[in-house]
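# Close look at the chain arrangement
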Amino acid sequence: MVKVAFIVEGKTERKIIESENFVKLLHECQIDLLLPVINADGNGNMLPEKLKEDIEVLKSEGAQKIFILTDLDEDACITKTRQRIGEGTDTIIIIAVKQIEAWFLADSDTLSQLMNDTFFSIFLKKNHTLSKN
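An account of the accompanying structure is given in this report.

So, about the layout of surface pockets. One number sums up the size of the second largest pocket: a volume of about 150 Å³. Surrounding the second largest pocket, 13 residues form its lining, Ile55, Lys59, Gly86, Gly88 and Thr91 being those nearest its centre. Take the lining of the second largest pocket: its biggest share by element is six residues, from helix 3 (residues 48–60).

Here it is, written out as structure tokens:
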């Protein structure tokens, strides 16, 4: 099995990577996840000097590949984000063009489950005739 580790931008990404279903998917692909997933606490902390120590620790714990997950945020393009983070031989940078949280907003059922509250569907029930204009 290949041992991988993740450094993520925030709590949402960490929750997804550490989820039971994602870990199960990795195991089915013969991939072992090194836990815990490291939360960098924001895009601004995704800089080589701030990631260096975490990367060294993960390598010393046996990580063969390290995935760095971040959003495009204010950067002009994916290339600029990669350059800012500084991709190494043992790291793979994955950049979400849209913030992952935006996907939750598009799925009111999942958002409602995650937050234990009802989102958007209240609006749709009260205003069940929506204009297409």
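The next point concerns the pattern of salt bridges. All chains considered together, the criterion is met by two salt bridges. With its nearest N and O atoms 3.2 Å apart, the salt bridge here joins Arg14 to Glu18. We classify Glu18 as partly exposed; its relative accessible area is 31%. The residue Asp90 makes a salt bridge to Lys59 at a minimum N-O spacing of 3.0 Å. Of this pair, Asp90 sits in the loop between helix 4 (78–85) and strand 5 (91–96) while Lys59 sits in helix 3, placing them 31 residues apart in sequence. Given a relative accessible area of 26%, Asp90 falls into the partly exposed group. Judged by relative accessible area, Lys59 falls into the partly exposed class, the value being 39%.

Criteria and cut-off values
Residues numbered from 1 in each chain as written. Predicted model: local features only at pLDDT ≥ 70, side-chain atom pairs only at ≥ 80, totals over all residues. Heavy atoms only, no water. 1 Å grid on protein atoms, 1.4 Å probe; cavity = no way out; pocket = protein on both sides within 12 Å on 5 of 7 lines; lining within 4 Å. Points joined across faces, edges and corners; volume = space filled by probe spheres on them. Helix = DSSP H or I, 4+ residues; strand = E, 2+ residues; numbered from the N terminus. Salt bridge = Lys/Arg side-chain N within 4 Å of Asp/Glu carboxyl O. Buried < 20%, exposed > 50% of the residue type's maximum accessible area, 1.4 Å probe, protein only.

So, to be careful, I would describe these as geometric facts and stop short of saying anything about function.
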